[in-house]
Amino acid sequence: MPVVVVESPAKAKTINKYLGPDFTVLASYGHVRDLPPKDGSVDTEHDFTMKWEVASDSKKHVKAIADALKDDNVLILATDPDREGEAISWHLEETLRARKAIKKDTAVSRVVFNAITKSAVTEAMKNPRAVDQPLVHAYLARRALDYLVGFNLSPVLWRKLPGAKSAGRVQSVCLRLIVEREMEIEAFRAREYWTVKALLATPRGQTYEARLTVLGGKKLDKFDIATDTAAELAVQAVNSRDLAVKSVEAKPASRNPSAPFMTSTLQQEASRKFGFGARQTMSLAQRLYEAGLITYMRTDGIDMAPEAVMAARDAIKARYGENYLPKSPRMYKNKAKNAQEAHECIRPTDMTRDAAALKISDSDQRKLYDLIWKRTLASQMEAARMERTTVDIASADGQIELRATGQVMLFDGFLKVYEEGRDDVVVDDDDKRLPQIAQGEPAAKQSVTPEQHFTQPPPRYTEATLVKRMEELGIGRPSTYASIVTTIQDRGYVLKDQNRLIPEDKGRLVTAFLSNYFPKYVGYEFTADLEDELDDVSAGDRDYIDVLSRFWRDFSAAIAETADLRISEVLDKIDEVLAPHLFPPRDDGTDPRACPKCGAGRLNLKTARSGGAFIGCSNYPECRFTRPLSGPNGEDAETLDDKVLGHDGEDVISLRNGRFGPYVQRGEVTEEMPKPPRASIPKGWDVAQMDLDRALMLLSLPRQIGPHPEDGEPVEASIGRYGPYVKHGRVFANIPDVDEVFTIGMNRAVEVLAQKAAKTGRGRTAAKPLAELGEHPDGGPIQVLDGRYGPYVKWAKVNATLPKDVEPGDVTLEMALELIAAKSTKKGGRKKKT
């Protein structure tokens, strides 16, 4: 029977129901091959030939497909209908041919469907084709570009900018957007302005609000009333005059529905409505798609299949009646430049079934399906109709004029089902309903009130508004938005706080470095143009080798130009670029670079031996003042440094500010004690509330809980780089609350350690990492895990055991990369048994 291959077992299960027992449906479990993370995987000297390796996890899946082909010589590749899906099909065919599983008489075909329904799958089977080579070439070009940038630029970052992790072709551009927005916010200076509102009454006693629009016979601009004095004069001008209604104008208005969802707008709306991140939204949509409930979720298209449009119209008529159905279907035109990305919009496969009818058990999947269903139906519904009224009220001498606006909904139309969310709350007076007001009638003043306002800085990006901005600039594509936004957070370059994206100091440093030494490659226009070239490749209009050649010629030259750069040069340049952020003006007007401790030295950017950067005094070692990049500047920094909290015996206990943030210290630095006991202030603790007792608690760590009841080995609690934990031997188990470190008893400690052991046991769920160190230059997270034989570093399929004298909390990214490289070399050197 024919062998049908798809990506996931969930998709295989759904398709198997439709095809029946005459087909064998197997899953590849995603990509089966990738470029090995080593030099030479892309050969720039020989037309960018790529050396692929089948992942160890994929070998069993490839074998299962090969075994199935022994009984049948028909292979149908039914992976997703986009570039990644085409690439998976190509990799599968190439891999199977290499192992002779595909014979000369084996019929190999490719089928695509935009929805996993019986009709779509059946129709696809009737229209097989070959693998789309231009689409594969576009994939190869992207994969080669990402490898060349990551494998060549990341080492430059490590060498020239200590503490930096890695760079990516599109991620670095995305990071620049966030950093530049933060710099806009920091440079913003609020401007004061005032408005005047009056509460007026009709002769019938009904009240309404109006705002002052004309003062002294002149139309007011936003900043014309600039001070409280000017505002009071305006209030007096209104109060000193009688007012009457000058004009009443009512105009009909309509509002049309938004287009159905494509990838970017779905991510934006799910973020606005539910706070979902881009990755979470795509994961939920993937499951809905594989269950056959929605169409394919990675698309730039907003058009809908004609049969789907008619189904939506039938559902609208049945649920809401003829009035809610426009006379003719609404047509939406794709804006995507690349037809390969412009699949049909994201819509339900069955318009008649809402979320309640489907009985989806997962609440988040249910929410997302409900959103897609409502947006799709609304997109084919009648416009909302309203009446907007504008009332102008004036004094007889024409010196004063106020305006009241209101709106009345005449027919709700599509708003009965769905209204699009907004990124930022906007107060709209037009939504208010006005009482009956007639031209010429008097307007009695009940109150006249001045209101103070300040201009607001541009808002920080949310994941939704960032994706929207990327889309506007032409950066990234539907298949990459989620991974780009997620990667810059995983690398520690960006922090997500209350759904807003804030650049971390290391993110600013990386952006400053790349903007100064690789400006072309973090340029918005260059990145968008390269995306357009890749779109041309996928359409068959451009040769991908030519794209790679031109990119590599300039990029390799830019890399070579940085070879002689000294770290001190790099730091001086970044110090200059980031000066407005690192050394903002002080309130007292003094030099922001003057050391607040010694007064004689100047503050500048420095690097730590362990990686990372901090602000230090030029008078070192005479003056040891330091602070983190985002630490307080000026008097606040001075009061935090060397603040005496009290004494413990003869030792002074002080609160200080260091390169990694505030800490407490016992005693002073002396020749006999060059490194006195210190303890960092844990996250969540208010530095202003630090006292002697709390300082002594921190300095007493690690706290001994007692001997473990099973083996008598000590159990202790402490706070490490990755938060509070309990430790028994070489087993570390995180605990949720810092304060619990000082109170946790043996029973609770044994319970937490046992839970950790259960998670790392064989056949159990994957262990929670002891530490997330960041991204490998070739992609993929590097973690520290606890295994049967002690802690180890894990990246992809490489596991490197930690040396016995190294604690998990002390492992840095650079150390992990050395261990991984050594392990990979060792594995590569093993001889196969004959």
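Attention in this report is confined to the structure presented alongside it. (Residues numbered from 1 in each chain as written. Predicted model: local features only at pLDDT ≥ 70, side-chain atom pairs only at ≥ 80, totals over all residues. Heavy atoms only, no water.)

### Quick look at the side chain of Thr486
Piece 1. Tracing the backbone through its elements, the reader meets Thr486 in helix α14 (residues 481–490).
Piece 2. Judged by relative accessible area, which is 8%, Thr486 ranks as buried.
Piece 3. A distance of 2.8 Å separates a polar atom in the side chain of Thr486 from the backbone oxygen of Ala482. (Helix = DSSP H or I, 4+ residues; strand = E, 2+ residues; numbered from the N terminus. Buried < 20%, exposed > 50% of the residue type's maximum accessible area, 1.4 Å probe, protein only. Polar contact = N/O pair within 3.5 Å; in protein donor to acceptor, adjacent residues only side chain to side chain.)

### A few points about empty space enclosed by the protein
Piece 1. Applying the stated criterion across every chain, the model contains one cavity of 30 Å³ or more.
Piece 2. Here the largest cavity defines a volume of roughly 70 Å³.
Piece 3. Taken together, Val149, Leu153, Gly168, Arg169, Ser172, Leu514, Phe518, Tyr521, Val522, Phe526 and Phe551 make up the lining of the largest cavity.
Piece 4. Of the residues that constitute the lining of the largest cavity, the class distribution is eight nonpolar, two polar and one charged. (1 Å grid on protein atoms, 1.4 Å probe; cavity = no way out; pocket = protein on both sides within 12 Å on 5 of 7 lines; lining within 4 Å. Points joined across faces, edges and corners; volume = space filled by probe spheres on them. Nonpolar A, V, L, I, M, F, W, Y, C, P; charged D, E, K, R; others polar.)

### What about the packing of aromatic side chains?
Piece 1. The full count for this structure, using the stated rule, is 17 aromatic pairs.
Piece 2. A centroid spacing of 6.3 Å and a plane angle of 75 degrees characterise the contact between Trp52 and Trp90, whose relative ring orientation is edge-to-face. Separated by 38 residues along the polypeptide, Trp52 in the loop between β5 (49–50) and β6 (53–54) and Trp90 in helix α3 (residues 83–98) bring together distant segments of the chain. In this pair, the class of Trp52 matches that of Trp90, namely buried.
Piece 3. Each ring, one from Trp52 and one from Tyr139, has its centre 6.3 Å from the other, and the planes form 15 degrees; the classification is stacked. Here the residue Trp52 occupies a position in the loop between β5 and β6, and Tyr139 occupies one in helix α5 (residues 133–160), the gap between them amounting to 87 residues.
Piece 4. For Trp52, a relative accessible area of 17% corresponds to the buried category.
Piece 5. Judged by its relative accessible area of 4%, Tyr139 falls in the buried class.
Piece 6. Cluster of aromatic residues (ring-pair linked, three or more members): Tyr521, Phe526, Phe551, Trp552 and Phe555.
Piece 7. Here Arg33 stacks its cationic end above the ring of Trp90, 5.4 Å away from the centre of that ring. (Phe/Tyr/Trp six-rings, centres within 6.5 Å; stacked < 30°, edge-to-face > 60°. Lys NZ or Arg CZ within 6 Å of the ring centre and 35° of its normal.)

### So, the pattern of salt bridges
Piece 1. Across all of its chains, the model carries 49 salt bridges by this definition.
Piece 2. Asp546 is paired through a salt bridge with Arg550; the nearest N and O atoms lie 3.4 Å apart. Taken together, the residues Asp546 and Arg550, both in helix α17 (residues 544–561) and four residues apart, mark about one turn of the helix.
Piece 3. In this structure Asp546 comes out as partly exposed when scored by relative accessible area, which is 34%.
Piece 4. Take Arg550: its relative accessible area is 28%, and that puts it in the partly exposed class.
Piece 5. With its nearest N and O atoms 2.5 Å apart, the salt bridge here joins Arg602 to Asp591. Residue Arg602 is located in the loop between α19 (579–582) and β18 (603–607), and its partner Asp591 is located in the loop between α19 and β18; the two are separated by eleven residues in the primary sequence. (Salt bridge = Lys/Arg side-chain N within 4 Å of Asp/Glu carboxyl O.)

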